[in-house]
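# Coordinate inspection notes
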Amino acid sequence: MIFRFLSFSGQLFPVRALYDFTGEPETSELSITAGEVLTVTRDNAGAGWCEGYNQSGKSGLFPATYVQIIETAASGPNAMTSSQQSSGDYWDDDWDDDSEGGQTQAYVPQQQQQQHMIHLPQHQPSVDYGDTVSMQTIHSVIPERPIPNIPKKNNKFSTLIKSGDDSFLLGMKVVNVPENEKIYIEEIEGGRCRWIPRGEPYNCVVTSPKKGSKLRGLKSFIVYQLTPTFNNIQVSRRYKHFDWLHERLEEKYCFIPIPPLPDKQISGRYEEQFIEHRRTQLQEFVDYVCRHPVLACSRVWEHFITCTDEKRWKAGKRQAEKDELLGENYFNAIQCPESTLDVIRVEIQTDTFSRFISGLDPVVKNFMAMAVDQTKKFQVLYKREFQKISQSFTALSHALEGDDSSRGRLTRALKVTGNAYNDIGKLYEEQPKFDWEPLSDKFHIYRGIISSFPDVISMHKTAVQKRKDYERLVSEHKMEPQQLRDLSHRTDVIARALLAEETHFQTEQEIHLTQAMKTHLTEQITFYQKIVDKLREALNAYED
């Protein structure tokens, strides 16, 4: 059975859900579960959304990036594969489309590009907008919210885990590692390992997002300015450049969970509030990379934050795309102690960390959902409630104006009270960008890292299993002991890389999450103090 990503067809076809998706209540969204089979009735129901029904007959909208078509035969000549579309030219600066629908662009047959009518199947439950639906009607029911940027299934892990490519473990491929590509690990107390930093620590600031254009304004995009502290030279980068960088880092460092980028957006990408929020999210990504002792010294990262010349930028990109020191080959660059690790101790430590990550994953996702929910409530629900309170006090002051024996003092005080509650509503609307949104952005980074750790752990377990296979072959005199010793050393390299990344993650969560919580609570205290000041101001209006 062959899977491929969705392309517009205008016909019924089955798809399999790749990820869980929870539709928002009181919308036309359909909740789906990873692995279930759905029938798509409309795959162009708005940018990035499909319409269909599940096996229970329930219908609705769901993200196209969450499903793959199930086919029983090879794709036709018109079907573009991901590898065909993801050529080097995709990332070239001559490519002007700033679409964020994903790297794989959907194939649209010429005859399907015009707006048309589609009849739903008779056995599908009726929906609010009737059995015959125009594209204009479909767009009216699509929720105005971004499609989540789900973690991509990365080929860097499947290369080592699933395909059986054990060239590093078996010592089959000798890779020449330049000195500036070598990374070092040292052992510390408690049988732990850590990355040895190279060079002095530095920061990189993301500032001044502005709208740019090409082709006399036909193509628009947002440009962000990056300034590293070690040279204070500013470079300009677009979101698609960050996307390119992210792919290079994932391809190169299979033993490091790469922090995720901000979610991709369907619409509203040029709104001021969205642009500023994305800037802060990109800053979180940049901060994490700068703090990582390996990523911060990566050649592709240094090229990304320092290259200002257009020709050198393109040349560096091409060089990075042709880099052979990728994935499992990069284990050859790891320099670590020659001593043999305690196998049992490492396995206990790895299993403990694996259980920790498994338990942390749903909690972090739930925490993010809570922060997002608080942001919405502050900006909409709470603001509206305080506006209602304000209107009630103001209405009372108007009603009492005709019979105020105190020469208007009471009515004036009631108006002050109404204004105070209205101002409190405005405070609620503005507050999330100071506390809940930064906290959500911080946990967005850790959610992506946590979701990648199981793949890194799986690489270690695959290597351990290979060593056990070699031990059996040696005991059966089918393999030389020296081959087992060589493989055991390479297995220890993979184990030390995992242990070093565990140590870095634990240090990150201890230092930077602590700081994030302190900042959040400080902003909360400041916010509620402003509310107290507003209420005290209203109280003083009633004093003699």
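Residues numbered from 1 in each chain as written. Predicted model: local features only at pLDDT ≥ 70, side-chain atom pairs only at ≥ 80, totals over all residues. Heavy atoms only, no water.

Going by what an unreviewed UniProt entry lists, the protein is known as Sorting nexin lst-4 and is assigned to Xylocopa violacea. As stated in UniProt under Sequence similarities (unreviewed entry), the record for the protein gives "Belongs to the sorting nexin family." (UniProt positions renumbered as here; feature names shortened; annotations may be inferred.)

## Re the packing of aromatic side chains
All chains considered together, the criterion is met by 31 aromatic pairs. Taken together, a centroid distance of 5.0 Å and an interplanar angle of 75° make the contact between Phe353 and Phe453 edge-to-face. Taken together, the residues span a long stretch of sequence, with Phe353 in helix H8 (residues 343-400) and Phe453 in helix H10 (residues 436-475) at a distance of 100 residues. A centroid spacing of 4.9 Å and a plane angle of 90° characterise the contact between Tyr428 and Phe527, whose relative ring orientation is edge-to-face. With Tyr428 in helix H9 (residues 409-430) and Phe527 in helix H11 (residues 481-540), this residue pair connects regions lying 99 residues apart in the sequence. (Phe/Tyr/Trp six-rings, centres within 6.5 Å; stacked < 30°, edge-to-face > 60°. Helix = DSSP H or I, 4+ residues; strand = E, 2+ residues; numbered from the N terminus.)

## Points about the sheet that holds strand E13 (residues 235-238)
Pairing in this open sheet of three strands is antiparallel, and the strands run E11-E12-E13 from one edge to the other. Single-partner strands in this sheet number two, and they are strand E11 (204-214) and E13. Taken pair by pair, the neighbouring strands of this sheet meet at an average axis angle of 35°, ignoring direction. The pairing of E11 with strand E12 (residues 219-228) spans nine bridges and is classified as antiparallel. Note that in E12 the partner of Lys211 across the bridge is Ile222. Relative to E13, helix H4 (residues 239-252) is tilted by about 85°, and along the sheet it contacts E12 and E13. Packing against the sheet, helix H5 (residues 272-291) makes contact with E11 and E12, and its axis sits at approximately 135° to E11. (Pairing = 2+ DSSP bridges. Axes fitted to C-alpha atoms, helices over the stretch in contact; angles between N-to-C directions. Contact = heavy atoms within 4.5 Å.)

## Here we look at the sheet that holds strand E14 (residues 334-335)
Strand order in the open sheet formed by three strands is E10-E9-E14, and the pairing between neighbours is mixed. Only two strands of the sheet have a single neighbouring strand rather than two, namely strand E10 (192-195) and E14. Two elements, strand E9 (residues 183-188) and E14, share two bridges in a ladder whose sense is parallel. Paired with Ile183 across the two strands is Ile334, which belongs to E14. Packing against the sheet, H11 makes contact with E9, E10 and E14, and its axis sits at approximately 80° to E10.

## Some details on the pairing of E13
Summarising the sheet, E12 and E13 pair through four bridges and their orientation is antiparallel. From the neighbouring strand, Val223 faces E13, where its bridge partner is Arg238. Connecting E12 to the next strand, E13, in antiparallel fashion are six residues, including Asn232 with a positive phi near 55°.

## Regarding the packing of H8 against H10
Remark: H8 packs on H10, axes separated minimally by 8 Å, with the N-to-C direction vectors making an angle of 155°. In terms of orientation, H8 lies roughly antiparallel with respect to H10. Regarding H8 and H10, the two cross each other, and that crossing is left-handed. When the residues that make up the contact of H8 with H10 are grouped by side-chain class, the tally is 20 nonpolar, eight polar and eight charged. (Parallel < 35°, antiparallel > 145°, perpendicular 65-115°, else oblique. Left-handed = near helix turned anticlockwise from the far one by under 90°. Nonpolar A, V, L, I, M, F, W, Y, C, P; charged D, E, K, R; others polar.)

## Observations concerning the pattern of salt bridges
Tallied over the entire structure, the rule returns 25 salt bridges. Of the charged contacts in the structure, one is a salt bridge between Lys383 and Glu429, with a shortest N-O distance of 3.0 Å. Note that Lys383 is positioned in helix H8 and Glu429 in helix H9, a separation of 46 residues in sequence. We classify Glu429 as partly exposed; its relative accessible area is 28%. Each of Glu181, Lys252, Arg299 and Asp323 takes part in a single network of salt bridges with overlapping partners. (Salt bridge = Lys/Arg side-chain N within 4 Å of Asp/Glu carboxyl O. Buried < 20%, exposed > 50% of the residue type's maximum accessible area, 1.4 Å probe, protein only.)

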